Amino acid sequence: MDNLLFDVGIVIIAAALLAYVARLLRQPMVLGYIIAGFVIGPAVLGFISSSVTISALSELGIAFLLFIVGLEIDFKVIRRSGLRAAGVGVFQVVCSAVLGFALARLFGFSVIESLYVGAALTFGSTMVVVKLLSDGGVLDTLQGRLALGVLLVQDVAAIFVLALLPNFAGFSVGSVGLSVAKGFVILAVAIVASRFLLPVFFRISASSTELLFLSAVSWLFGFAFFAEFLGYSLAVGAFVAGVTLASSHYRVEVVSRVKSLRDFFATVFFVSLGMQLAVPSLGGVPLVGVVAFALFVIVANPLMVALLASFFGYNSKVSVMSGLYLGQVSEFSLILSSVGVSLGHIGGDVAAVIAVVAALTITSTTYVIRYDEAVYRFLRRVFHLRVRESADSVQDKRHDVVLCGYNRIGYSIAKKLKELGRSFVVVDFNPDIVARLKRQGVQCVYGDVGDVELLKRLGIPAASLVISTVPGVYENELVIREARKGDAVAIVTSNHIDAALRFYDAGADYVIMPHFLGGEHVALLLEKFCDAPSMLSRRFEHIRELHQRRMLGHCHPLV
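Quantities reported herein were computed from a predicted structural model and do not represent experimental measurements.

About the cut-offs
- Residues numbered from 1 in each chain as written.
- Predicted model: local features only at pLDDT ≥ 70, side-chain atom pairs only at ≥ 80, totals over all residues.
- Heavy atoms only, no water.
- Helix = DSSP H or I, 4+ residues; strand = E, 2+ residues; numbered from the N terminus.
- Buried < 20%, exposed > 50% of the residue type's maximum accessible area, 1.4 Å probe, protein only.
- Contact = heavy atoms within 4.5 Å.
- Areas by Shrake-Rupley, 256 points an atom, 1.4 Å probe, with all protein chains shown as cover.
- Axes fitted to C-alpha atoms, helices over the stretch in contact; angles between N-to-C directions.
- Parallel < 35°, antiparallel > 145°, perpendicular 65-115°, else oblique.
- Left-handed = near helix turned anticlockwise from the far one by under 90°.
- Nonpolar A, V, L, I, M, F, W, Y, C, P; charged D, E, K, R; others polar.
- Pairing = 2+ DSSP bridges.
- Right-handed = clockwise from strand over helix to strand, strands pointing away.
- Phe/Tyr/Trp six-rings, centres within 6.5 Å; stacked < 30°, edge-to-face > 60°.
- Lys NZ or Arg CZ within 6 Å of the ring centre and 35° of its normal.
- Salt bridge = Lys/Arg side-chain N within 4 Å of Asp/Glu carboxyl O.
- pLDDT = per-residue confidence, 0-100.

A. Looking closely at the overall build of the chain. Helix and strand content of the chain: 23 helices and six strands. Looking at the chain residue by residue over its 559 residues, the buried ones come to 51%. For the chain, long-range pairs separated by at least 24 residues make up 72% of all intrachain contacts whose partners lie at least 6 apart in sequence. Accessible surface computed for the chain: about 25,800 Å², of which carbon and sulfur atoms make up 67%.

B. Here's a closer look at the packing of helix H12 (residues 287-311) against helix H15 (residues 348-370). Two numbers describe how H12 lies on H15: the axes approach to 9 Å, and their chain directions differ by 45°. As far as their axial angle goes, H15 and H12 are oblique. Relative to H15, the crossing made by H12 is right-handed. On H15, the residues touching Val290, Phe293, Ala294, Val297 and Ile298 of H12 are Val353, Val356, Val357, Leu360, Thr361 and Ser364. Taken together, the residues of the contact of H12 with H15 sort by class into nine nonpolar, two polar and no charged.

C. Spotlight on the pairing of strand S5 (residues 489-493). In terms of burial, S5 is largely enclosed, as four of its five residues are buried. Summarising the sheet, strand S4 (residues 465-468) and S5 pair through three bridges and their orientation is parallel. By the bridge assignment, Val466 is partnered in S5 with Ala490. Between the parallel pair S4 and S5, the chain is carried across by helix H20 (residues 473-483), and the sense of this crossover is right-handed. With three bridges joining them, S5 and strand S6 (residues 510-512) adopt parallel strand pairing.

D. Region of interest: the packing of aromatic side chains. Summed over the entire model, instances satisfying the criterion amount to seven aromatic pairs. Ring geometry for Phe311 against Phe312: centres 5.6 Å apart, planes inclined by 90°, an arrangement best described as edge-to-face. Classification of Phe311 by relative accessible area gives exposed; the value is 67%. Consider the rings of Tyr406 and Tyr411, whose centres lie 6.3 Å apart with planes at 80°: the pair is edge-to-face. Judged by relative accessible area, Tyr411 falls into the buried class, the value being 7%. An aromatic cluster of at least three residues, connected via ring pairs, comprises Phe91, Phe311 and Phe312. The side chain of Arg377 reaches across the aromatic face of Tyr474, ending 4.4 Å from its centre.

E. The arrangement of the pattern of salt bridges in detail. Inspection of the entire model under this criterion finds seven salt bridges. Taking the shortest distance from any N to any O, the salt bridge between Arg502 and Glu477 comes out at 2.7 Å. Of this pair, Arg502 sits in helix H21 (residues 497-506) while Glu477 sits in helix H20, and the two are 25 residues apart along the sequence. On the basis of relative accessible area, Arg502 is assigned to the partly exposed category, the value being 44%. Between Arg484 and Asp509 there is a salt bridge, and its shortest N-O distance comes to 3.5 Å. With Arg484 in the loop between H20 and S5 and Asp509 in the loop between H21 and S6, the pair connects residues that are 25 residues apart, well separated along the chain. Residue Arg484 is classed as partly exposed on the basis of its relative accessible area of 35%. Given a relative accessible area of 41%, Asp509 falls into the partly exposed group. Salt bridges sharing common partners tie together Lys317, Glu373 and Glu475.

F. Up close: the side chain of Ser114. Relative to the assigned elements, Ser114 resides in helix H5 (residues 111-120). The class of Ser114 is buried, set by a relative accessible area of 0%. Residue contacts for Ser114: discarding those within four places in its chain leaves Phe101, Ala104, Arg105 and Phe109.

G. Structural view of the sheet that holds strand S1 (residues 401-404). A sheet is described by the order of its strands in space; here six strands give the open sequence S3-S2-S1-S4-S5-S6, paired in parallel fashion. Of all the strands in the sheet, the pair left with one neighbour each is strand S3 (444-446) and S6. Here the average twist between neighbouring strands, direction ignored, is 15°. Bridging between strand S2 (residues 424-428) and S3 involves three bridges; their strand directions are parallel. When the bridges of S3 are listed, Asp428 appears paired with Tyr446.

H. Representation of the confidence of the model for the chain. Across the chain, the average pLDDT comes to 80, with 84% of residues at 70 or higher. Here helix H23 (residues 532-551) stands out as the element of the chain with the lowest mean pLDDT, 68, in contrast to S4, whose mean of 93 is the highest.

I. How the structure looks around the environment of Val94. The residue Val94 is located in helix H4 (residues 75-106) in this model. Here the alpha-carbon distance between Val94 and Ala157, two residues 63 residues apart in the chain, equals 9.8 Å.

J. Local environment of the pairing of S2. Across the five residues of S2, five count as buried, placing the element largely inside the fold. By the alternation rule, side chains of S2 split into Phe424, Val426 and Asp428 and Val425 and Val427, which are all buried. For S1 and S2, the ladder comprises four bridges, and the chain directions are parallel. Across the sheet, residue Leu403 finds its bridge partner in S2, namely Val426.

This is how it looks when you write it as structure tokens:
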């Protein structure tokens, strides 16, 4: 018991200290946890002499991690991202897995080891990417939504791989068929339980938050043990348990209650991975192999996503930038390697290689996403990337208003311009939006606002008003510069105060700041609707508008 308390205590203290260091260096805390495990493990200080207990705790961490993933995963996001994003995700998973397998075989790994390496190099980290894109305020851009759609496809594929892991060693048609049949049994039980047992089970416990918490954890372990009984890992059962709860009325409450427990065990899991990074364990793998795997994730995976996105109709900017966001190894990859070691399919040296590649790629992606605009402009100059324009050229057309970006803000602006009878043209690089606007008879151009040549052809100086709902600094500065060549009023958008002040210094007439608009709108409502009938009328109008926006896919993409 003393050893258990000492081991857990050392893990938490080391994780906290290295998490502070990672936070100061603006790195994901997961990286700090892995390094903490490396430091306190046998490779450096040797504080943890036996990792058996920690491995057991890390398995609990995997279960809670995937339970929360199942709770928070939103398959509607894939549908809102469109079939294009799903297509990009499916083809990327297949291509990356095949090429990753071939690369591992090239460096002398066995077939079973190559299967694990190929799978590990395929998936990007939803946790890391969503955090970094949210911090940068670009999660809601077209490239952010595309990347999120691809990541969700990868997460679903990773769960299928986890389910098939027990059959990797003795791969045969019969074993795979049996595994699939057992998977259908789990899904059937999950559907029946969620429809008939779950409502009764949680309706009784809803009156007590403690009982609700215990019920959720019991639900998790019930499915985890059932999955293990059928030959799957605990992680698969935990994920299915989370998915069954995702559609319930108690989802938010369960997530809030279980999340802290998940964070604790997940921290132990990532630290235990770091303990496996003993330097001797890498002795059988040449350094050039580790570097090659890392470069495959950082370069080849983004390139595949960019090419596939371009094939599915996205322009160069969206294709390249969505690819840049996916150049890291996923936490799912670390889970796959950990399960592979526990099943005896791979050794600690292979798991160590995957963990090192994860650490290198997660670190690199932090800087790539932070400077994504600069990276794209560099690649654009080097490879002479051009943005395809729509067939209806705008060089001989002049409009009263130029609207750059038809997202949620642009939709409201275009609606008001129609009501005012103003002549306007929409510029957007989402092919689905452009196609829909053309069907509605709206003048639109498929193109990138960051393309100087396109801005010149739009005739912005001759317009009376140009509005940009694109939050990018580079794009808005180009729009302002073009507007200043004539008498056009320039209205641009920013998610940050410093950038907004920078736009005003450049000559912007007004800067839209979306996260401040809610308060300003309520302030106007207080002036305009002071009586109950007026507010009731506004309420019904708002409900109708929300239904319309939901049909247009204007829901927020966060999972």
